[in-house]
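Architecture at a glance
Here is how the chains run, residue by residue.
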Amino acid sequence: MLEFLALLTLLFVGAVVVGFVVLLAGFLKIVVKLALLPIVLGFKALVFVIGFVIALAVVGPVVLLVGALLLIPLLILGGIVWAGAAVFSS
């Protein structure tokens, strides 16, 4: 009977030790995750800035080209409006 109680005690102590190790590993995981958070956020910000610059470099010339193409019809329309206002105001 004592052997059975000794084995039960060893099993219980082993379970406590394994539980403590698992708890310690979980705590260490949280600490490491929090410690690396500024680095991860810095990398995300860097990726965002690089993506924004690339998007700006791609979209900027397209917007410039569209604006240049729309400038001539808008100038013509403005001239027509100006001429109409000049006719009706005099």
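Residues numbered from 1 in each chain as written. Predicted model: local features only at pLDDT ≥ 70, side-chain atom pairs only at ≥ 80, totals over all residues. Heavy atoms only, no water.

A tally of regular secondary structure across the protein chain gives one helix and zero strands. Against the globule reference of 12 Å for 90 residues, the protein chain gives a C-alpha radius of gyration of 36 Å, more extended than a compact globule. With respect to the three principal axes, the spread of C-alpha positions in the protein chain is 120 × 25 × 15 Å. Burial analysis of the protein chain (90 residues in total) assigns 0% to the buried set. (Helix = DSSP H or I, 4+ residues; strand = E, 2+ residues; numbered from the N terminus. Rg over C-alpha atoms; globule rule 2.2 N^0.38 Å. Buried < 20%, exposed > 50% of the residue type's maximum accessible area, 1.4 Å probe, protein only.)

What follows concerns a nonpolar patch on the surface. Judged by side-chain polarity, Leu28, Val32, Leu36, Ile39, Val40, Phe43, Leu46, Ile50, Ile54, Val58, Val59 and Val63 come together as a nonpolar surface patch covering roughly 1100 Å² of accessible area. Within the secondary structure layout, Ile54 lies in helix H1 (residues 2-89). (Patch = residues over 30% accessible without salt bridge, like charges linked within 9 Å, V, L, I, M, F, W, Y side chains within 5 Å. Areas by Shrake-Rupley, 256 points an atom, 1.4 Å probe, with all protein chains shown as cover. Salt bridge = Lys/Arg side-chain N within 4 Å of Asp/Glu carboxyl O.)

By the element assignment, Ile39 lies in helix H1. The spatial distance from the C-alpha of Ile39 to the C-alpha of Ser89 is 66 Å, given a sequence separation of 50 residues.

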